[in-house]
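Architecture at a glance
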Amino acid sequence: MDAKTAKKIHIIGVGGIGVSALAGILLHQGKVLSGSDMEAGAITDKLKKPGVKIFIGHKKGNVVFGTKLVIHSLAIPKTNPELIEAKKRRIPILTYPEAVGELTKQFFTIAVCGTHGKSTITAMIAKILIENNFDPTVIVGTKLKELGGANFRTGKSKILILEACEYMDAFLNYNPRAIILSTLDPDHLDYFKNFEDYKKSFRRFSEKLPSDGYFFGNLDDEDVHEIFKDLQLKKMPAHNMFTYGLKYNHSDFHLDGNKIMRRGAEEGKLDLKIPGEHNRSNALAAFAACRILCNITPKNILRSLNNYEGSFRRFEIKGKIGKTVIVDDYGHHPAEISATLQAAKEKFPDKKICVVFQPHQYSRTKKLLKEFGSAFGQADLVIIPNIYEARDTKSDKVSVSAEQLVAEIQKNKTRAMFIDGFEKTAEYLKKNHKKFGVIITMGAGDVWKIAENIFDRNAYEAG
C-alpha cells in the first residue's frame, strides 16, 4: 500500500510546514485524511476547513478505524503511540520523504536543493510557471502570496516543483527529472558527520537524475562546481547540464550589470523588487530553469521575476515603528546572516541596523560558533534573546550558551548583547527603536514573535 493507492490516510505531525503541504495535495487527490500534532495552530486550523480530521496530542486512538496508510514527520520518535499502534495493526507506514518520493514518480519533478536559496528559487519558478499557464503542482517550505498564502499548490499538469531538503538524507527518496543546486555550506551537522559527508549526500542525490535529466549548478560555489564536474565525468549528457552565476562570464547564464546573458547573448534585464546578491543569484537559477525546461520567452520570465515580492519570513518587511523599519527573516546559518545583512545595507544604505538573532539549535550554534561570530559585521547591534531548541541532546544544551555567542560576536568588533527572553527584548526595542533605521528579527525558530510584539501601530505614531 502506498500514498497513490491508499484511500484513507493518517498523518502524524501534520502541522509541519512540509507535511502539511503533502496533506493538502493528498486531500486534493481525493484521499480521506486524519492527522495529529502536539499543538493547534494556523496550519492545523486551515487543514480542518476542507475536512481533515485533526487530533491535538498523540494517542493510539487517533489512528481511526479503516486507516490504510500512516505517514509521519521525521521529527516523530519511534516511541510515538500512534506509530506503535500502526505497527501493531500492521498498517503500512511511510516517512514524509518516502511519501513525497512516491508522489514524485507521478510527475516531471523539478527539485530545488542546496544549503541556501531553496525556498526562494522554488517560489520564483512556481510564480513564473503559474503566470505562464503551465499549471504546476508545488511543494515549498514557506507560505507564498502566489499560492494564496499556502505552502503548496495542486495543478493539472505533470510538472511538480519541489523544495528538496537534505536533512537526514530526505531528498534521496525523491525521483527528480531536473535538479537545481544552489549553494553548499556546512549544515545539519547533528546528522551529517562533517562537511564532506554533507556534500556526499548532494552528490548521491544529483546522481539520481536519469540519463535524460537536467542539472543546473551555481558556478559561483566551488563545491557545487565540483559536483557539476563529477556529473560530467559520469558522462551525463552535456546538452542537459547548465551553469549559472554572478561572477563568471563563462557560466551558461550570468549577469552583466543587470543584463542576463546566455552564452554571450543578452536575454533581458533583471530588476528585482527584493534586494541582495543572493536573490539575484536565485533569480538567475529560476530564469535558467524556466528558459531551458519550459522554453518560456525571456520577456515572460522577467515579467514574473521582476514583480516577485518575496515570501513569508524571507526579508519580509512587517511595517514601521515611527521611522524604524521592522523586517523579519528566516536566516539561521552564518552565510544566510551575511547575505541578509548585505541585502539590508543595499536597500537601506544609510540606516543603522539592529539584529535580534535567535540561533536555531544548540548543536548548530556550537559547531558553527566562530562562523556565527563573524557573520554580523554589517550590523550596528546584535541582540541574542535565547537559543531555540530543536533536536538537541542534553549534552548539546550545556555545550554552548547565548552569552558565549555574544562574546564571539564581540571578538569580531561588532556590538552585541544578551537580553534574557523575548519579553525583555521587546521592551528594550520599544524604548530604543529610534536609535536604529532598521530592526531585523532573524532565525528559524519563533523569534518572529518579537516582531509581532514590537510592531504595534497603536503604541507609536507613524512617520
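Residues numbered from 1 in each chain as written. Predicted model: local features only at pLDDT ≥ 70, side-chain atom pairs only at ≥ 80, totals over all residues. Heavy atoms only, no water.

Looking now at the environment of Asp350. Within the fold, Asp350 resides in the loop between helix 10 (334-347) and strand 18 (353-357). Between the alpha carbons of Asp350 and Gly437 there is a distance of 8.3 Å; along the sequence they are 87 residues apart. (Helix = DSSP H or I, 4+ residues; strand = E, 2+ residues; numbered from the N terminus.)

With that settled, consider the sheet that holds strand 18. The sheet built from six strands is open, its strands ordered 16-17-21-18-19-20 with mixed pairing. Each edge of the open sheet is held by one strand with a lone partner, namely strand 16 (316-321) and strand 20 (416-418). Neighbour-to-neighbour, the strand axes of this sheet turn through a mean angle of 20°, independent of strand direction. Helix-sheet contacts for helix 10 involve strand 16, strand 17 (324-329), strand 18 and strand 21 (438-442), and the interaxial angle to strand 18 is about 155°. Of the strands in this sheet, strand 18, strand 19 (381-384) and strand 20 are in contact with helix 14 (residues 402-411), which crosses strand 20 at around 170°. (Pairing = 2+ DSSP bridges. Axes fitted to C-alpha atoms, helices over the stretch in contact; angles between N-to-C directions. Contact = heavy atoms within 4.5 Å.)

Take the packing of helix 5 (residues 118-131) against helix 8 (residues 277-294) next. Working note: a packed helix pair is described by the angle between its axes plus the distance between those axes. Running from N to C, helix 5 and helix 8 cross one another at 45°; their axes reach a closest spacing of 9 Å. Taken together, the axes of helix 5 and helix 8 lie oblique to each other. Along this stretch, helix 5 crosses helix 8, giving a crossing that reads as right-handed. Residues Thr120, Ile121, Met124, Ile125, Ile128 and Leu129 of helix 5 form the contact with helix 8, whose own contacting residues are Asn279, Asn282, Ala283, Ala285, Ala286, Ala289, Cys290 and Cys294. When grouped by side-chain class, the residues that make up the contact of helix 5 with helix 8 number 11 nonpolar, three polar and no charged. (Parallel < 35°, antiparallel > 145°, perpendicular 65-115°, else oblique. Left-handed = near helix turned anticlockwise from the far one by under 90°. Nonpolar A, V, L, I, M, F, W, Y, C, P; charged D, E, K, R; others polar.)

Okay, the nonpolar core next. With 47 residues, the main nonpolar core has Ile11, Ile71, Tyr174, Phe205 and Phe215 as its most contacted residues. Ranked by residues supplied to this core, first place goes to helix 1 (residues 17-28) with six residues. Residues within four places of Ile71 in sequence aside, it is in contact with Ile9, His10, Ile11, Ile12, Leu22, Leu26, Leu94, Thr95, Tyr96 and Ala99. (Core = buried A, V, L, I, M, F, W, Y, C linked by side-chain atoms within 4.5 Å. Buried < 20%, exposed > 50% of the residue type's maximum accessible area, 1.4 Å probe, protein only.)

This prediction gives the protein a mean pLDDT of 90; 97% of its residues lie at or above 70. Counting contacts from residues 457-463, a segment whose pLDDT is below 50, to residues more than four positions away or on other chains yields nine contacts. (pLDDT = per-residue confidence, 0-100.)

Turning our attention to the packing of aromatic side chains. Considering all chains together, one arrives at 12 aromatic pairs under this definition. Aromatic rings pair up to connect Tyr167, Phe171, Tyr191, Phe192, Phe195, Tyr198, Phe202 and Phe205 into one cluster. Sitting over the face of the ring of Phe195, Lys199 holds its NZ or CZ atom 4.6 Å from the ring centroid. Across from the ring centre of Tyr167, 4.0 Å away, lies the NZ or CZ of Arg391, which sits over that ring. (Phe/Tyr/Trp six-rings, centres within 6.5 Å; stacked < 30°, edge-to-face > 60°. Lys NZ or Arg CZ within 6 Å of the ring centre and 35° of its normal.)

Before going further, it helps to examine the side chain of Ser73. In this structure, Ser73 sits in the loop between strand 4 (69-72) and helix 3 (81-88). Here the side chain of Ser73 touches Ala75 through a polar contact of 3.0 Å, landing on its backbone nitrogen. Excluding residues that lie within four positions of it along the chain, Ser73 makes contacts with Ile12, Gly13, Val19 and Tyr96. (Polar contact = N/O pair within 3.5 Å; in protein donor to acceptor, adjacent residues only side chain to side chain.)

Below, the discussion takes up a nonpolar patch on the surface. There is a patch of nonpolar side chains on the surface, built from Leu74, Met168 and Tyr191 and spanning about 230 Å² of accessible area. Relative to the helices and strands, Met168 is located in the loop between strand 9 (159-163) and strand 10 (178-181). The class of Met168 is partly exposed, set by a relative accessible area of 33%. (Patch = residues over 30% accessible without salt bridge, like charges linked within 9 Å, V, L, I, M, F, W, Y side chains within 5 Å. Areas by Shrake-Rupley, 256 points an atom, 1.4 Å probe, with all protein chains shown as cover. Salt bridge = Lys/Arg side-chain N within 4 Å of Asp/Glu carboxyl O.)

Relative to the helices and strands, Thr115 is located in the loop between strand 6 (108-113) and helix 5. A sequence separation of 109 residues divides Thr115 from Val224, and the C-alpha atoms of the two residues are 11 Å apart. Among all residues touching Thr115, those that are not within four sequence positions of it are Glu166, Ser182, Thr183, Leu184, Asp185, Asp187, Tyr198, Phe202, His333 and Glu336. Reaching out from Thr115, the side chain makes a polar contact with the side chain of Tyr198 at a distance of 2.9 Å.

Further remarks concern the pattern of salt bridges. If you walk through the whole model with that rule in mind, you get 23 salt bridges. Between Lys199 and Glu196 there is a salt bridge, with its nearest N and O atoms 2.9 Å apart. Highlighted residues: Lys199 and Glu196, both in helix 6 (residues 195-206), separated by three residues, approximately one helical turn. The partner of Lys318 in a salt bridge is Glu316, and the shortest N-O contact between them spans 3.8 Å. Taking the relative accessible area as the measure of exposure, Glu316 reaches 22% and is therefore partly exposed. In this structure, a network of salt bridges that share partners links the residues Glu196, Lys199 and Asp223.

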